[in-house]
Structures are given as C-alpha cells and as structure tokens.
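In case you want the letters, here they are:
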Amino acid sequence: AQSVTQLDSQVPVFEEAPVELRCNYSSSVSVYLFWYVQYPNQGLQLLLKYLSGSTLVKGINGFEAEFNKSQTSFPLRKPSVHISDTAEYFCAVRGGGQGFSFIFGKGTRLLVKP
Amino acid sequence: EAGVTQSPTHLIKTRGQQATLRCSPISGHTSVYWYQQALGLGLQFLLWYDEGEERNRGNFPPRFSGRQFPNYSSELNVNALELEDSALYLCASSRAGTLTGELFFGEGSRLTVL
C-alpha cells in the first residue's frame, strides 16, 4: 500500500534561518505530490503541488519543493522562515495505484523561534 | 465562492452516544473526503464519497459511517462513541475524475467524548 513518511515530528528553527522538511513516499508508479499547511485551530491549506514537468515547484509564502523520483522524496524548503510560519506541515500523495485516495504523512511541526 | 463548510464547530458527547457531523463541499465538487485528526496521529483517512457512492474506506470500525446526499453534501456518523474518538474531524472536497486536483479542506469539527 502507498505510504508517506515524514521523518521529523518537530523541527525547531530560528527566525530568518533556512528550513527543510523531509518527505518520502513509497511508490514505483506515477504519483502526484502535495504539501499542505495547518495553522492552529484551522483546516489544511494547500502550499504547493507537483503534477509533472519541472521537478522544482514553487508555492505560496515563499515555500518550494523538489521532486526526486530516484529517491522517492519531496522535501519542502524555505530559505528564510518567519515567526508566522510556525504551523503543522503535511506531505500527501495521490495516485500510485491507490486511485483517487489521498494519503497523508503524520505531519511535521515547524517551530520558528525569535 | 464559498469554501468547504462544516458543522458543528464543536461537539461534546458522552461515551455510548452518537455524533453526527455535516459537510458542504465547494460548489461544483462532487467528491467528499473525511479524515480524523487525533492528537499526535496526523490525518487518518476515514471515508471517501463521490456521486453519492462510498468509494473507499479507511481502517476504522463499522460504527464510523456516513453518506452523501444528492446535493453532494455529506454526513459522518459515529455510533457508540468511545473516549478515543475525541479528535478534529476534517472534511475535504475536490473535483471528480482527475488525479491532479487537490483537496480543499474545511475548518473541521472538534468532537470531545467525555
């Protein structure tokens, strides 16, 4: 079965520092990849998605992610974080034999410190 | 355009009771997904409805059930509530027939079981 692994449950980082949130998926066939963000007491909001084409995708709020098929990874990056980026981040995959189902990772809490 | 709406925002029940949660998708979306977000467990897939039919079901007991109405709104029912059912229940919608569409989430319904 398809799975998504977010290796870090929490990532603390100082304001204005760069950050990378890891995501690995298990599939040997075509998949579509997504990153969502959840601010406290809110639903999830799409940050970016990879469907095809360029492996580097840019999203909202200065985030970007790079699809690496050989490593089955899709890490999320931001060159300089702000306090307001403190939130839960979820990686998700669709396809890969699971049809239209979305499979989410367990999430990574990004904690930006002043 | 209205987003995904969920009701109630908060719900408090006691063990053994039944809970009903409601979701209205974005206009034009025919697929509705339900997820359970319990503390520390990420998003657990519950149910997926499309065109009034249950298309897929996560690894939850039968006391979790639901339906989708002709107007594509959906209801999630949880019978014989247990303490561990306390969680944020998220509803999401998407357009049908394409793997490349993302999920749009509501703000969630927080269920507390005492």
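None of the values given here were measured: they were computed from a predicted structure.

(A) Up close: the state of the cysteines. With the rule as written, the count across this model stands at two disulfides over all chains. One disulfide in the model links A:Cys23 with A:Cys91; its S-S distance is 2.0 Å. Every disulfide takes its handedness from the sign of the S-S torsion; for A:Cys23 and A:Cys91 that torsion is -65°, giving left-handed. Note that A:Cys23 is positioned in the loop between strand 3 (19–21) and strand 4 (24–26) and A:Cys91 in strand 10 (residues 87–95), a separation of 68 residues in sequence. Residues A:Cys23 and A:Cys91 agree in their burial class; the two are buried. Put simply, B:Cys23 and B:Cys91 are joined by a disulfide, and their sulfur atoms are 1.8 Å apart. Its S-S torsion of about -65° marks the bond between B:Cys23 and B:Cys91 as left-handed, since a negative value means left-handed. Taken together, the residues B:Cys23 in strand 3 (residues 19–24) and B:Cys91 in strand 9 (residues 87–94) connect sequence positions 68 residues apart. For the residue pair B:Cys23 and B:Cys91, the accessibility class agrees, reading buried in each case.

(B) Seen up close, the nonpolar core. Grouped together as the largest cluster of nonpolar side chains are 29 residues, with contacts concentrated most on A:Leu33, A:Trp35, A:Leu47, A:Leu48, A:Phe74, A:Leu76 and A:Tyr89. Only strand 2 (10–14), strand 3, strand 5 (31–38), strand 6 (44–50), strand 10 and strand 12 (108–113) of chain A provide two or more residues apiece to this core. If you look at the next biggest cluster of nonpolar residues, it comprises 22 residues, including B:Val32, B:Trp34, B:Phe60 and B:Cys91.

(C) The arrangement of the interface of chain A and chain B in detail. Facing the 21 residues of chain A at the interface are 22 residues of chain B. Overall, the association of chain A and chain B removes approximately 1800 Å² of surface from exposure, summing both partners, and the carbon and sulfur fraction of that is 56%. Joining chain A to chain B, the criterion identifies one salt bridge. Across the pair B:Glu102 and A:Lys49 runs a salt bridge whose closest N-O atoms are separated by 2.7 Å. Our count for the chain A to chain B interface comes out at five residue pairs in polar contact (both at pLDDT 80 or more). For the side of chain A that touches chain B, the secondary structure elements donating two or more residues are strand 5, strand 6, strand 10 and strand 11 (102–104) of chain A.

(D) Here's a closer look at the side chain of B:Ser74. Residues and elements named next belong to chain B. As for its placement among the helices and strands, Ser74 is situated in strand 8 (residues 74–78). A polar atom in the side chain of Ser74 sits 2.9 Å from the side chain of Trp34. Within the local environment of Ser74, its side chain forms a polar contact with the backbone oxygen of Arg67, the two atoms lying 2.9 Å apart.

(E) Inspection of the sheet that holds strand 8 (residues 64–66) of chain A at higher detail. All names here are of chain A. The strand order 3-9-8-7 describes an open sheet built from four strands, whose pairing is antiparallel. Since the sheet does not close on itself, it has two edges, and those belong to strand 3 and strand 7 (56–58), each with one partner. Direction aside, the axes of adjacent strands within the sheet are offset by 25° on average. Note that strand 8 and strand 9 (residues 76–78) share two bridges and pair antiparallel. Looking across to strand 9, one finds that Ala65 is bridged to Leu76.

The rules behind each value
- Residues numbered from 1 in each chain as written.
- Chains lettered and ligands numbered in written order.
- Predicted model: local features only at pLDDT ≥ 70, side-chain atom pairs only at ≥ 80, totals over all residues.
- Heavy atoms only, no water.
- Disulfide = S-S within 2.5 Å.
- Helix = DSSP H or I, 4+ residues; strand = E, 2+ residues; numbered from the N terminus.
- Buried < 20%, exposed > 50% of the residue type's maximum accessible area, 1.4 Å probe, protein only.
- Core = buried A, V, L, I, M, F, W, Y, C linked by side-chain atoms within 4.5 Å.
- Contact = heavy atoms within 4.5 Å.
- Buried area = accessible area lost by both parts, 1.4 Å probe.
- Salt bridge = Lys/Arg side-chain N within 4 Å of Asp/Glu carboxyl O.
- Polar contact = N/O pair within 3.5 Å; in protein donor to acceptor, adjacent residues only side chain to side chain.
- Pairing = 2+ DSSP bridges.
- Axes fitted to C-alpha atoms, helices over the stretch in contact; angles between N-to-C directions.

Treat this as a map of the structure, not an account of what it does.
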